[in-house]
Amino acid sequence: MNPGSWRREFGVALDVIREAATLARDVHQQIGDRALLKVDQSPVTVADFAVQALVAHRLRQAFPADPLVAEEDAAWLRSPAARSTLQSVVDALHPVAPDLDANRVLDAIDRGRGVPSDRFWTLDPVDGTQGFIRGNQYVVALAFIVCGRIEIGLLGCPRLTDDRQDGAGSIVCAVRTRGAFRTSLAGREFVPLRVSSCREPRKARVLRSFQSEHIDLRTFNEIVAILKVETPPTLMDSQAKHAVIAAGQADLLIRCPAEREFQERIWDQAAGSIIVEEAGGRVTDLRGMPLDFAAGRILARNEGVIASNSHLHAAAVSAVQHVTTHR
Ligand code: AMP
Ligand code: MG
């Protein structure tokens, strides 16, 4: 693929996403379920911390002036109760970044507290933590945003395999106006991605979160019923869903917030959005409004997400409208 004027940014990001996705996979192989911790009620793993430290460290080396806006911070890791976890993170990083001792790991993780600016990166080190633990999908998600517009998105997907190729995991990536592509986690060949041509809502292959508590299931079911979708939805964790839509292997993703006040975090949507769009699809909120990545760490001006092959988008937006106005 030809990244145009973002050649250097894309090159660095591709190398780091490959390294980071491989690290997450290796942490799971070595620590498995024991990687899981609960901090403030939300699940987090040794892999989340190790991946965030690695990506922050590499981006600081390459682009020291660019802020990083990422999901984790090191507040809990700095507490005495977290000493053995911190050591596990340092140990996991040792093969790839032996220069990162405990203090440097903590500082690198806290680089993720950056404030969105004219030019910044956003990272979800392990998107779909529950899928990571369960043995289902998860991704490392990295995006580059300039003046509120996503310019580059990459998803490192260790469990998204393409059997026609080498059976290894995937990297799915896109650069604005340059298309969306898949490459193997182990290889260098880029295959262009294209959304499906499905135009009949009832034939849609629909995706939703695996974790039912992340969405309003009743509203979701009503929308799917109005569209007369014939096949039950496929449940999948993380922005792997966006990668599957970009590849034409599903047609529609609907995310209705479980609680009205919930607002999506930019690292949960940015990389997946540009990948779907560059593959020919559309991404908006539930009202059909563009996702506004200039509103800070959260999508404060949007509610929910619809991602589609573009052909089904208008039907999905009007089904949502129908459900919300007939309550
Ligand atoms: P998914 O696997 O598509 O459900 O997306 C996983 C992401 O959902 C996580 O990275 C969280 O940031 C996000 N999340 C966590 N809690 C909620 C919630 N209550 N509603 C919506 N999304 C959530
Ligand atoms: Mg996430």
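For the structure, see preceding data.
Residues numbered from 1 in each chain as written. Chains lettered and ligands numbered in written order. Predicted model: local features only at pLDDT ≥ 70, side-chain atom pairs only at ≥ 80, totals over all residues. Heavy atoms only, no water.

Strand order in the open sheet formed by seven strands is E3-E4-E5-E6-E7-E8-E9, with mixed pairing between adjacent strands. A single partner strand is all that each edge strand has here, and the edge strands are strand E3 (68-70) and strand E9 (191-192). Pairing of E3 with strand E4 (residues 119-127) involves three bridges; the strand directions are parallel. Each bridged residue has a counterpart across the sheet, and for Val69 the counterpart in E4 is Thr122. Those strands touched by helix H1 (residues 7-31) are E4, strand E5 (139-146), strand E6 (149-157), strand E7 (170-175) and strand E8 (179-184), and its axis lies near 30° from that of E6. Contacting E4, E5, E6, E7 and E8, helix H8 (residues 270-278) runs over the sheet at an angle of about 100° to E6. (Pairing = 2+ DSSP bridges. Helix = DSSP H or I, 4+ residues; strand = E, 2+ residues; numbered from the N terminus. Contact = heavy atoms within 4.5 Å. Axes fitted to C-alpha atoms, helices over the stretch in contact; angles between N-to-C directions.)

Moving on to the side chain of Glu151. When you line up the elements, Glu151 lands in strand E6. Residues contacting Glu151, with those up to four places away along its chain left out, are Trp6, Phe144, Val146, Ala174, Val175, Arg176 and Ile274.

The final tally for this structure, using the stated rule, is six aromatic pairs. A ring pair is formed by Phe63 and Trp121, whose centres lie 5.7 Å apart and whose planes are at 25°; its orientation type is stacked. On the criterion of sequence distance, the pair formed by Phe63 in the loop between helix H2 (46-62) and E3 and Trp121 in strand E4 is long-range, its members being 58 residues apart. Centroid distance Phe132 to Tyr138: 4.8 Å. Interplanar angle 90°. Geometry classified as edge-to-face. Side by side, Phe132 and Tyr138 carry an identical accessibility label, which is buried. Put simply, the rings of Trp6, Phe63, Trp121 and Phe144 touch in pairs and so form one group of aromatic residues. Directly above the aromatic system of Phe63 lies the positively charged group of Arg119, at a separation of 5.5 Å from the ring centroid. (Phe/Tyr/Trp six-rings, centres within 6.5 Å; stacked < 30°, edge-to-face > 60°. Buried < 20%, exposed > 50% of the residue type's maximum accessible area, 1.4 Å probe, protein only. Lys NZ or Arg CZ within 6 Å of the ring centre and 35° of its normal.)

Over its 25 residues, H1 extends 36 Å from the first C-alpha to the last, a length consistent with the 36 Å expected when each residue adds 1.5 Å. A positive phi of about 55° marks Gly32, the residue just after H1. (Expected span 1.5 Å × (residues − 1).)

The next point concerns the site of ligand 1. Close contacts around ligand 1 come from 14 residues, with Ser209, His214, Ser238, Lys241 and Asp268 the closest. Contact between ligand 1 and Ser238: an oxygen atom at 2.7 Å from a main-chain N or O atom of the residue. Contact between ligand 1 and Lys241: an oxygen atom at 2.6 Å from a side-chain N or O atom of the residue. Against a free-state accessible area of 490 Å², the protein chains account for coverage of 86% of ligand 1. More than half of the atoms of ligand 1 fall within 2 Å of the grid points belonging to the largest pocket. (Near = heavy atom within 4 Å. Polar contact = N/O pair within 3.5 Å; in protein donor to acceptor, adjacent residues only side chain to side chain. Areas by Shrake-Rupley, 256 points an atom, 1.4 Å probe, with all protein chains shown as cover. 1 Å grid on protein atoms, 1.4 Å probe; cavity = no way out; pocket = protein on both sides within 12 Å on 5 of 7 lines; lining within 4 Å. Sits in = over half its atoms within 2 Å of the grid points.)

Below, the discussion takes up the environment of Leu59. Within the element layout of this structure, Leu59 appears in helix H2. Each C-alpha atom of the pair Leu59 and Ile171 lies 18 Å from the other, and the pair is 112 residues apart in sequence. Apart from the residues within four sequence positions on either side, Leu59 is in contact with Val12, Pro64, Leu68, Arg111, Trp121 and Leu142.

On to helix H6 (residues 217-226). The complete set of buried residues in H6 reads Thr219, Phe220, Ile223 and Val224. Angularly, the buried residues of H6 cover 135° about the axis, an arc narrow enough to put them on a single face. Across H6 from its buried face, at more than 90 degrees, point the exposed residues Arg218 and Ala225. Contact partners of the buried residues in H6: strand E10 (206-208), strand E12 (252-255) and helix H9 (313-325). Residue Asp216 occupies the N-cap position of H6, its side-chain oxygen lying 3.2 Å from the main-chain nitrogen of Arg218. Immediately downstream of H6, the backbone of Lys228 shows phi near 55°, a positive value. (Arc of directions from axis to C-beta.)

In this fold, Asp66 is placed in the loop between H2 and E3. Looking at Asp66, the relative accessible area reads 7%, which means it is buried. A polar contact is formed between the side chain of Asp66 and the side chain of Trp121, at a distance of 2.9 Å. Those residues within four positions of Asp66 in sequence are excluded, and the remaining contacts are Arg111, Arg119, Trp121 and Phe144.

Moving on, we get to the sheet that holds strand E11 (residues 234-235). If you trace the five strands from one edge of the open sheet to the other, you get E11-E10-E12-E14-E13, paired in mixed fashion. Either end of the sheet is taken by a strand with one partner, and the two such strands are E11 and strand E13 (282-284). Relative to strand E14 (residues 305-308), E13 runs antiparallel, the two being bridged by three bridges. Across the sheet, the residue bridging to Val283 is Ala307, located in E14.

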